[in-house]
Amino acid sequence: MTATAIPVEPPAPIFGWRRVRVVLIACVVLSLPLVPGWQISYAILYGRIFFVGLALLCVFGVFERWPRRLPRWFARWALQVIAVAIAVPFLVAIAYWLTTLGLDPPWYKDKDRLGGYSAMTMLALLTAPWIAVAALLRQIKEVAQKQALAFELERSEYERRALDARLRLLQAQVEPHFLFNTLANVRELVDRGSPQASGVLGSLIAYLRAAVPRLHEPSTTLGQEIELVRAYLEVMHMRMPDRLQFALDVDPLARGLVLPPMSVLTLVENAVRHGIDPSEEGGRIDIEVRRRADRCLVRVRDTGAGFGTGGDGLGTGLETLRERLQLVFGEAARLRLDGVVPHGVEAELDLPAREAGV
């Protein structure tokens, strides 16, 4: 499992609309303190401030990209703020020079214009670095949010892979459980020299041919699961025809619903192993499947030995099934076990009704 690389965001466009919009608004706000003492048109005042603002934005953006590498002890944000502060007096001077071309005397020899230059420079020095810092803080916050989202996506991917690995492990635990138990039943018939051994082995081969490939699938449909249950019960019925009867009652509307492979089969195999096999009289297994709106109910009821008389309890298959259901459905799935009077066990699966492919 390899870590997901977190992409490095490229610098924003120097004259992107968001940045230019900030400059427009900031220039309006900064021009207001200068209006009372201003003697010429407001357009020239705003034009000078706007020129300085765009030029400072250019300086901010250039040092955002250049130089590509800085000493580890020198932060890029510090370089940007210092560059903005140093550029202010020069850019204000250029703005005055461009707006006073052809006038005599030059602006730097005119007392009023020199006073305006000083006021604008002082105002820009007091505000431009702080605006740059605010922009940097906002940029850092956005980068942090994007990195947090990337880390969250990466964590979700790790969790998904862990769940997949856990499901595969649980299904690997289920596979030999069914295979070895069924083969043990065949061996018992062979050891007894029963003429039913060949028929049971043929049914077992047909069952395994259908069942084993589905053990490694993440999900199956109830229709496929019921067919496996039917094949399994036919094998068990051939082994003990006088001691096992079964019936299936399946709602057609539930056949397309998805669930983890071998979920119903686990309940049926548990009923055979811990209910019918330990009972001297055998018993009957009834499987009922019903869809009710957005829920699906699966009941497996046996009239076997019941709780506490099956020799080794209800086995580990049900605990494994509970864990598999929780991994797939979370708290939305429930497995309930109840005793049946006079003897037997009823297992009920209550699942969300999820269609295949949804």
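Up top you'll find the structure we're talking about.
The structure reproduced in this document is the subject of the present report. Computed from a predicted structure; not experimentally measured.

Cut-offs used in this document
- Residues numbered from 1 in each chain as written.
- Predicted model: local features only at pLDDT ≥ 70, side-chain atom pairs only at ≥ 80, totals over all residues.
- Heavy atoms only, no water.
- Helix = DSSP H or I, 4+ residues; strand = E, 2+ residues; numbered from the N terminus.
- Buried < 20%, exposed > 50% of the residue type's maximum accessible area, 1.4 Å probe, protein only.
- Salt bridge = Lys/Arg side-chain N within 4 Å of Asp/Glu carboxyl O.
- Contact = heavy atoms within 4.5 Å.
- Expected span 1.5 Å × (residues − 1).
- Arc of directions from axis to C-beta.
- Phe/Tyr/Trp six-rings, centres within 6.5 Å; stacked < 30°, edge-to-face > 60°.
- Lys NZ or Arg CZ within 6 Å of the ring centre and 35° of its normal.
- 1 Å grid on protein atoms, 1.4 Å probe; cavity = no way out; pocket = protein on both sides within 12 Å on 5 of 7 lines; lining within 4 Å.
- Points joined across faces, edges and corners; volume = space filled by probe spheres on them.
- Nonpolar A, V, L, I, M, F, W, Y, C, P; charged D, E, K, R; others polar.
- Patch = residues over 30% accessible without salt bridge, like charges linked within 9 Å, V, L, I, M, F, W, Y side chains within 5 Å.
- Areas by Shrake-Rupley, 256 points an atom, 1.4 Å probe, with all protein chains shown as cover.
- Pairing = 2+ DSSP bridges.
- Axes fitted to C-alpha atoms, helices over the stretch in contact; angles between N-to-C directions.

**Here we look at the overall build of the chain**
- Helices and strands together make up the secondary structure of the chain, namely eight helices and seven strands.
- By the burial criterion, 39% of the 358 residues in the chain qualify as buried.

**Here we look at the pattern of salt bridges**
- What the rule picks out here adds up to 22 salt bridges.
- Arg284 is the partner of Asp286 in a salt bridge, and the nearest nitrogen-oxygen pair spans 3.0 Å.
- In this structure, Glu288 engages Arg290 in a salt bridge whose closest nitrogen and oxygen atoms are separated by 3.8 Å.
- Classification of Glu288 as partly exposed rests on a relative accessible area of 29%.
- Given a relative accessible area of 25%, Arg290 falls into the partly exposed group.
- Each of Asp249, Glu288, Arg290, Arg299, Arg301, Arg336, Asp338, Glu346 and Glu348 takes part in a single network of salt bridges with overlapping partners.

**Examining the environment of Arg255**
- As for its position among the elements, Arg255 is in the loop between strand E2 (244-250) and strand E3 (258-259).
- Given a relative accessible area of 31%, Arg255 falls into the partly exposed group.
- Residues Arg255 and Gln224, 31 residues apart in the sequence, show an inter-C-alpha distance of 7.8 Å.
- Excluding residues that lie within four positions of it along the chain, Arg255 makes contacts with Thr221, Leu222, Gly223, Ile226, Glu227 and Val250.

**Details of helix H8 (residues 317-329)**
- Across its 13 residues, H8 extends 18 Å between first and last C-alpha, which sits within 8% of the 18 Å expected from 1.5 Å per residue.
- By the burial criterion, the buried members of H8 are Gly317, Leu318, Thr320, Leu321, Arg324, Leu325 and Phe329. What you see down the axis of H8 is that its buried residues fit within an arc of 155°, all on one side.
- Looking at the residues trailing H8, positive phi occurs at Gly330, about 70°.

**Here we look at the packing of aromatic side chains**
- One pass over the full model with this rule turns up eight aromatic pairs.
- Aromatic pair Tyr96 and Tyr117: ring centres 6.1 Å apart, planes at 85°, arrangement edge-to-face. With Tyr96 in helix H3 (residues 76-99) and Tyr117 in helix H4 (residues 111-192), this pair connects stretches of sequence that are 21 residues apart.
- Connected via pairs of aromatic rings, a cluster forms that spans Tyr96, Trp107, Tyr108 and Tyr117.
- Over the ring of Tyr96 we find Arg48, and its NZ or CZ is 3.9 Å from the ring centre.

**Some thoughts on the layout of surface pockets**
- Its volume calculated, the second largest pocket comes out at about 280 Å³.
- In terms of lining residues, the second largest pocket is bounded by Leu34, Gly37, Trp38, Gln39, Ile40, Arg48, Tyr96, Asp110, Asp112, Arg113, Gly116 and Ala119.
- The leading source of residues in the lining of the second largest pocket is H4, at four residues.
- Looking at the lining of the second largest pocket residue by residue, the class counts come to five nonpolar, three polar and four charged.

**Re a nonpolar patch on the surface**
- Together, Phe51, Ile94, Trp97, Leu98 and Leu101 make up a nonpolar patch on the protein surface, roughly 470 Å² of accessible area in all.
- At three residues, the largest contribution of residues to the nonpolar patch is made by H3.
- Its place among the elements puts Leu98 in helix H3.

**Quick look at the sheet that holds strand E6 (residues 334-339)**
- Here five strands make up an open sheet; going across it, the order is E2-E4-E5-E7-E6 and the pairing mixed. A strand with exactly one partner marks an edge of an open sheet, and here the two such strands are E2 and E6. Along the sheet, successive strands turn relative to each other by an average axial angle of 10°, direction set aside.
- Here E6 runs beside strand E7 (residues 345-352); their pairing, made up of six bridges, is antiparallel. Across the sheet, the residue bridging to Arg334 is Asp350, located in E7.
- Strand contacts of helix H6 (residues 222-239): E2, strand E4 (283-292) and strand E5 (295-302), with the helix running at about 165° to E2, the strand carrying the most contacts.
- Along the sheet, helix H7 (residues 263-276) makes contact with E2, E4, E5, E6 and E7, crossing E5 at roughly 15°.

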